[in-house]
Amino acid sequence: MNVCFFTVTHAADYDYLLGSIWHHAKMGRHLVLDTSPVAPQFHNLPPSVRWVHEPLYNEGWKTFRCRTAVERAMTLAKQMGPEILVYLDSDEFYTPESAELLFPLARDAMLEVLCIHWQRDGIPRIFGPSEWHPRIWPSWADVRIVENEAWKVHPNYNGNPERHPIVSGPPELPVLRVPGLFRNHVHYFVGDKDDETARQTIDGWPDRGALVPSVELPYPIELWFKKGIRPSEAFL
């Protein structure tokens, strides 16, 4: 299975991304589009990672051209010749079983997967319908990254139409919703990032989630949580 993850990242998210970058390297290649003003000097990156630095998309949620950056990352990933594309945020990881049980289903369909959110107490939870997202599809499909019309009329809309972009597949591409604990999100589990986005977009956040079984964390993420050792330290 020829899989390529693609991720838009920024300096504030390096530890999340690097915490699982070797974990994902076992499953496929990885296109990283870094929009930070200054290019990092990381060592020990997996050879399967192509790190592209393009400080062209502005900064801060009110001006960051997220939709444009994600579409650019997708285009660069397609140029690497994969069979399957996986849209991956910096602060997410897929379980190892995804390589055999999930990704192959995307040869002829777009896959919607549930986002499992790990919280500060170390317990993963699932929330409402908002957490099913199309994130995996065949590279031959004419998939676009488009503006989120619902965000433009949201009470918390901040004037930036490119925030919270969504994936749009062609009409002929089937959409398959796949249950399971494959996609795990650690933004609110470790580190010091706030939950502004969660309060805006996640149905039932923060206290109406349902507990789910834990999966094994990538070791650098676990080490960060338990001992405060940031994953980026291994790449400096």
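Going by the structure above, here's the rest.
Novice: What is the right way to look at the layout of surface pockets in this model?
Specialist: Any space left empty among the atoms is revealed by the rolling of a water-sized probe across them. Empty space within the largest pocket amounts to approximately 1400 Å³. Elements represented by at least two residues in the lining of the largest pocket include exactly β1 (3-9), α3 (66-78), β6 (110-118), β8 (132-138), α5 (149-152), β10 (166-168), β11 (175-185) and α6 (196-201). Among the elements that line the lining of the largest pocket, the one with the most residues is α6, at 5 residues. Class assignment of the residues belonging to the lining of the largest pocket gives a composition of 18 nonpolar, 17 polar and 11 charged. The calculated volume of the second largest pocket comes to roughly 260 Å³.

Novice: Sorry, what's going on with the packing of aromatic side chains here?
Specialist: Tallying each qualifying case throughout the model produces 15 aromatic pairs. Between phenylalanine 5 and tyrosine 94, the ring centres sit 6.5 Å apart and the planes meet at 40°, which makes this aromatic pair tilted. Pair noted here: phenylalanine 5 is in strand β1 and tyrosine 94 is in strand β5 (residues 92-94), with a separation of 89 residues, a long-range link. Ring geometry for phenylalanine 6 and tyrosine 87: centres 5.3 Å apart, planes at 10°, overall stacked. Taken together, the residues span a long stretch of sequence, with phenylalanine 6 in strand β1 and tyrosine 87 in strand β4 (residues 84-87) at a distance of 81 residues. For tyrosine 87, a relative accessible area of 8% translates into the label buried. Grouping aromatic residues by their ring pairs yields a cluster made of Phe5, Tyr94 and Phe103.

Novice: Which parts of the structure should I look at to understand the pairing of strand β2 (residues 29-34)?
Specialist: Moving residue by residue along a regular strand, the side chains alternate between the two faces of the sheet. Among the 6 residues that make up β2, 5 are buried, leaving the element largely enclosed by the rest of the structure. Bridge count for β2 against strand β3 (residues 49-53) is 5 bridges, and the pairing is parallel. Paired with aspartate 34 across the two strands is histidine 53, which belongs to β3.

Novice: Explain unusual backbone geometry here, please?
Specialist: Excluding glycine, residues mostly carry a negative phi; peptide bonds, for their part, are mostly trans. The residue after tryptophan 205, namely proline 206, is reached through a cis peptide bond having omega 5°. Secondary-structure assignment places proline 206 in the loop between α6 and β12 (210-211). Notably, asparagine 44 is not glycine yet its phi reads approximately 70°, a positive angle. Relative to the helices and strands, asparagine 44 is located in the loop between β2 and β3. Given a relative accessible area of 52%, asparagine 44 falls into the exposed group. With a phi close to 55°, histidine 164 is a non-glycine residue in the positive phi region. Along the polypeptide, histidine 164 turns up in the loop between α5 and β10. What makes histidine 164 buried here is its relative accessible area of 17%.

Novice: Just to check I follow, could you spell out helix α7 (residues 219-227) for this structure?
Specialist: Because each turn of an α-helix spans 3.6 residues, side chains separated by three or four positions end up pointing in the same direction. Every buried residue of α7 is listed here: Ile221, Leu223 and Trp224. The buried residues of α7 all sit within an arc of 160° when viewed along its axis, so they share a single face. α7 presents Tyr219, Lys226 and Lys227 as exposed residues on the side facing more than 90 degrees away from its buried surface. Tucked into the core, α7 has its buried residues touching α1 (14-19). Immediately beyond the C-terminal end of α7, within one or two residues, lies glycine 228, with a positive phi of roughly 75°.

Rules of the game
Residues numbered from 1 in each chain as written. Predicted model: local features only at pLDDT ≥ 70, side-chain atom pairs only at ≥ 80, totals over all residues. Heavy atoms only, no water. 1 Å grid on protein atoms, 1.4 Å probe; cavity = no way out; pocket = protein on both sides within 12 Å on 5 of 7 lines; lining within 4 Å. Points joined across faces, edges and corners; volume = space filled by probe spheres on them. Helix = DSSP H or I, 4+ residues; strand = E, 2+ residues; numbered from the N terminus. Nonpolar A, V, L, I, M, F, W, Y, C, P; charged D, E, K, R; others polar. Phe/Tyr/Trp six-rings, centres within 6.5 Å; stacked < 30°, edge-to-face > 60°. Buried < 20%, exposed > 50% of the residue type's maximum accessible area, 1.4 Å probe, protein only. Pairing = 2+ DSSP bridges. Arc of directions from axis to C-beta. Contact = heavy atoms within 4.5 Å.

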